[in-house]
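Chain by chain, the residues run as shown.
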Amino acid sequence: MSFLKFKGSAGSPLNNVVSALRQTIAAQGTDVASREITGQLISMESLDEGQFAELDRRAKDMGREIKEAFAALRPSLEDGETGEDGEEDLTETQLQAGAIAAMAAGNPAEYAEVAMRSTASGDNVVDIGSSGAAGVVDTRDTPSLESFDERELAKFLPYSIVFNVKAAVQDSFSEMWYPTTVVPPEQGGLDITVRRTLVHNAIQHSNTGKVTDWNRKNLVDAAMDHKILADESTSLIPVVLANGGNADKFIDAALVAPTVRRISNIDVPTAPLAINVELNLLGLSQHPGLIGAGIIDHTDAIDNSIGLENIYIQLADGEAVKYVTSRLARSHFVKSVEGANREMNLNFKTADLVLDKDTLTTAGVAPTLLAAITTANVTVRLAVNLNGDFDTQLGNGRVYSSPVTVDSIIDADGKEISLVSGAGAPIVASLKDAKVVAYDLKAARTNSNRRTRGLLLDTNDRTFRFHIPLGAPISAPSPAGSNRDARDLEMLINAVRVRNTNNAVTRLLNYAETLKAYAKAVKRQDTIPEVEGVGRFLIKPFFEEKEIDLEQEINSIRDMDRAQDINAILVNAIRDVSYRMYRDTGYQPALNAAVTGSQQPKLLIGTDVVLQRHLMVVGDSRTFGIAFPEYQIESSFDFRMKDTIIIGLTRMGQSEGIDPLTFGVHAWIPELASSMMVQRDGGTYPEAMVQPRNLHINHLPALAIIKVKGLDKVLTNKIVVATQEQP
């Protein structure tokens, strides 16, 4: 090892990398630095498949050259970023940014013009704003430079490569929330497409021209709302005709009022079927809105799973009680032993129909005779037999009933009392005229003729375009005659990285402010909220904020226990809110519905450098529960994060392209740095300048914030324990 350490003539280790890259560009010549290649780079949308593949090959080759340049000179670098082999750990994003800058060598002036002046246009451009309670992100629509000197840009190109490699990535806190992706220069923006599978019923447009409500639902939401996929389009629902033409098939409306059932977005008027009346269930269940212009015909049939769903017992004049029978034994029709091959028989028997003080009529009031049952404080069990037959091919059938009898009466002590004397006799007498007057069937068509399509699925794509604005320029003026391009480059890189980190924190906190305002508003369950983040089309937005006062929570007497108590309180608070976020957003069903990408969620936790040490559980690989075996905790030195914990969700691993199920993205357009002689204030001196073009974009509208109070006091002050002397 040499005693003197040589760092290069300019006193910067980056000079060695710059020299190596300059030699690489010169050696490869037109294979990288040609006007044709640069022209293709800034107009990739016009390339055919073969041209794009060749351009991609050149970019990958250049990426390898950049990696080798940094790796070979690793001993001279002192930034502490090392890989397993001791070389600098460059990410694919860094190599992409550097390769694009290198391929601008053929025509740097035109590249710079396109990279700085191209804009995202169209009707779907999203304006995400740049200000909020947390601060302002400084952006502008036009570049500060009025012209580009091709010779100066070409001379400074190796520095531009190094700048994009080093400045394209952010600190770990910012990269956790907003991973960097490189955007080609000609696009001027980023397109994000959200694909949804929608569920809806068949639509019939009105001839009145009335606006049609398709009532489409996101298939992902069906994991939380069972009603979305609950389809009764083949159910046989007897239809009550408005003209009364089939009134004899239904119970008297004065006894049980007709109801309207919503089937496949169609209102179907129906009522219980009259007992001991022969009918054709297929014909009775025809509704134009459900079967379209067709009529149920000989190709339709009843499915074999016919069941007795409800029966209605009339207790006294004008009073009927409904009993659910579908979950009782022998309530289903079975194949007859004799008779037609499609004939089904019912042989229903029960002695468990209860009358007690809680019984109500179909009108929602207590029956008249309930007064005697309530006074005696007894429970009455009724017995009845129902028989019936239906031909599933023809649709014809009927259900008839035996008389209703009192099977038993049980007193408050659980003892059976006499039916012919005492308190039981008048109750039995009051029920002597009770009878079954109506019933409901649970039946459906086989749909073997494919008459009904049921629920319909449709794919809906929505594309959102985000314009990537220019940031404010950053300059590094040098004394006249100096040669400190590499040191200027280091300053520019550090300034840009710090500003990117600041912007990430600003965008994150402003996004929390937006979601907080949404949480206070009235949430509409059936519409997509107009909040920032394309992920709102896939999940339910969520925001929660809570405050933890450690002075009120901690009661440890021993100092050695206090840190563990703080850890337990904070970790449990994070678990609590993160699981609510996980449940209420429906994030896991959205991951499961995605065709590509990981289906494993990852918990993101951002905090300050002091709180970070209190968020780890020693020896526990699943600190935040079984739903989040993978989590990431990063801290920020930004004073706005002091005593703050921010919690969010993202998808594990990297997906191909922009993923709306990750929390966000940092879009970076590679830029050419410049260094030229500038005349200002009567003097002329060299000045290096960069004007980055990047944007932090939020995707997933789900955040939680925990504010922590009293940490310093709890760690340093003694806990006062109230005591009381015993006499």
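In the block above lies the structure referred to throughout.
Here we summarise the structure given alongside this text. (Residues numbered from 1 in each chain as written. Predicted model: local features only at pLDDT ≥ 70, side-chain atom pairs only at ≥ 80, totals over all residues. Heavy atoms only, no water.)

This next bit is on the overall build of the protein chain. A count of helical and extended segments in the protein chain gives 17 helices and 31 strands. Across the 727 residues that make up the protein chain, the buried fraction comes to 47%. Across the protein chain, the fraction of contacts at a sequence separation of at least 24, relative to all contacts at a separation of at least 6, is 77%. (Helix = DSSP H or I, 4+ residues; strand = E, 2+ residues; numbered from the N terminus. Buried < 20%, exposed > 50% of the residue type's maximum accessible area, 1.4 Å probe, protein only. Contact = heavy atoms within 4.5 Å.)

On the surface, Leu219, Leu229 and Leu457 cluster together to form a nonpolar patch covering roughly 270 Å² of accessible area. The exposure class assigned to Leu229 is partly exposed, which follows from its relative accessible area of 44%. (Patch = residues over 30% accessible without salt bridge, like charges linked within 9 Å, V, L, I, M, F, W, Y side chains within 5 Å. Areas by Shrake-Rupley, 256 points an atom, 1.4 Å probe, with all protein chains shown as cover. Salt bridge = Lys/Arg side-chain N within 4 Å of Asp/Glu carboxyl O.)

At Asn377, a residue that is not glycine, the phi angle is positive and equals roughly 55°. Among the structural elements, Asn377 can be located in the loop between helix H11 (370-376) and strand E16 (379-391). If you check the backbone angles, Asp643 has positive phi at about 55° while not being a glycine. Among the structural elements, Asp643 can be located in the loop between strand E25 (631-636) and strand E26 (644-651). A relative accessible area of 27% means that Asp643 is categorised as partly exposed.

For the structure on display, the rule yields nine aromatic pairs. Aromatic side chains Trp177 and Phe663 sit 4.9 Å apart centroid to centroid with 70° between the ring planes, which places their arrangement in the edge-to-face category. Taken together, the positions of Trp177 in helix H8 (residues 172-177) and Phe663 in the loop between E26 and strand E27 (664-669) put the pair 486 residues apart, joining distant regions of the chain. Each of the two residues, Trp177 as well as Phe663, counts as buried. Look at Phe333 and Phe390: their rings are 5.9 Å apart centre to centre, the planes differ by 75°, and that puts the pair in the edge-to-face class. On the criterion of sequence distance, the pair formed by Phe333 in the loop between strand E13 (319-324) and strand E14 (334-335) and Phe390 in strand E16 is long-range, its members being 57 residues apart. Judged by relative accessible area, Phe333 falls into the buried class, the value being 4%. Classification of Phe390 as buried rests on a relative accessible area of 1%. By the ring-pair criterion, three or more aromatic residues cluster together here, those being Trp177, Tyr178, Tyr511 and Phe663. (Phe/Tyr/Trp six-rings, centres within 6.5 Å; stacked < 30°, edge-to-face > 60°.)

Another point: the environment of Asp584. Assignment of secondary structure puts Asp584 in helix H15 (residues 559-585). Judged by relative accessible area, Asp584 falls into the partly exposed class, the value being 31%. If sequence neighbours within four positions are ignored, Asp584 has contacts with Met224, Lys540 and Phe542. In terms of polar contacts, Asp584 uses its side chain to reach the side chain of Arg583, at 2.7 Å. (Polar contact = N/O pair within 3.5 Å; in protein donor to acceptor, adjacent residues only side chain to side chain.)

Reading across from one edge, E10-E19-E12-E13 is the order of the four strands in this open sheet, with antiparallel pairing throughout. Edge positions in the sheet fall to strand E10 (273-274) and E13, since each has one partner strand and no second. As judged from the six bridges shared by strand E12 (residues 307-316) and E13, these two strands associate in the antiparallel manner. The partner of Ile313 across the bridge, within E13, is Val321. (Pairing = 2+ DSSP bridges.)

Another aspect to go through is the pattern of salt bridges. Inspection of the entire model under this criterion finds 27 salt bridges. As a salt-bridge pair, Asp191 and Arg465 come within 2.7 Å of each other at their nearest N and O atoms. Placement of the pair is Asp191 in strand E6 (residues 189-200) and Arg465 in strand E20 (residues 456-467), with a sequence separation of 274 residues. Using a relative accessible area of 36% as the deciding quantity, one classes Asp191 as partly exposed. Overall, Arg465 belongs to the partly exposed group, its relative accessible area being 26%. A salt bridge links Asp358 to Lys357, with the shortest nitrogen-to-oxygen separation between them at 3.6 Å. Accessibility classification places Asp358 together with Lys357 in one group, the exposed group. One network of salt bridges, with partners in common, ties together Glu54, Arg57, Arg58, Asp61 and Arg64.

In this section: the side chain of Thr501. Tracing the chain through its elements places Thr501 in helix H13 (residues 485-520). Setting aside chain neighbours within four positions, we find Thr501 in contact with Gln170, Asp171 and Ser174.

We now examine the sheet that holds E25. With respect to topology, five strands assemble into an open sheet ordered E23-E31-E26-E24-E25, the strand pairing being mixed. The sheet is open, and its two borders are formed by strand E23 (542-549) and E25, each paired with just one other strand. Between one strand axis and the next, the sheet turns through 20° on average, direction left out of account. As judged from the eight bridges shared by E23 and strand E31 (residues 702-709), these two strands associate in the parallel manner. Note on E31: the bridge partner recorded for Lys546 is Ile706. (Axes fitted to C-alpha atoms, helices over the stretch in contact; angles between N-to-C directions.)

All right, on to helix H4 (residues 92-102) then. For H4, the tally of buried residues reaches nine of eleven residues, placing the bulk of the element in the interior. Inspection of H4 places Thr93, Gln94, Leu95, Ala97, Gly98, Ala99, Ile100, Ala101 and Ala102 among the buried residues, and these make up the whole buried set.

In terms of residue burial, E12 counts as a mostly covered element, since eight of its ten residues are buried. Where E12 and strand E19 (residues 435-442) come together, seven bridges link them in antiparallel fashion. Among the inter-strand pairings, Tyr312 is bridged to a residue of E19, identified as Ala438. Connecting E12 to the next strand, E13, in antiparallel fashion are two residues, including Gly318 with a positive phi near 80°.

The next point concerns the side chain of Glu544. Position of Glu544 among the secondary structure elements: in strand E23. Within the structure, the side chain of Glu544 is placed 2.4 Å from the side chain of Arg580, a separation counted as a polar contact. Look past the residues within four positions of Glu544 in its chain and what remains in contact with it is Val577, Arg580, Leu703, Ala704 and Ile705.

So, on to the nonpolar core. In terms of nonpolar packing, the biggest core is built from 120 residues, with Trp177, Ile645 and Leu703 touching the most fellow members. Element by element, the count of residues in this core is highest for H13, at eleven residues. Trp177 has contacts with Leu508, Leu604, Ile605, Gly606, Ile646, Ile647, Gly648, Phe663, Gly664 and Leu703, leaving out every residue within four places of it along the chain. Counting residues in hydrophobic clusters, the runner-up holds 44 residues, among them Leu273, Leu282, Ile296 and Ile313. (Core = buried A, V, L, I, M, F, W, Y, C linked by side-chain atoms within 4.5 Å.)

A few words on helix H7 (residues 157-167). The buried fraction of H7 amounts to eleven of the eleven residues, a majority that puts the element mostly inside the structure. Considered for burial, the residues of H7 that qualify are Leu157, Pro158, Tyr159, Ser160, Ile161, Val162, Phe163, Asn164, Val165, Lys166 and Ala167.

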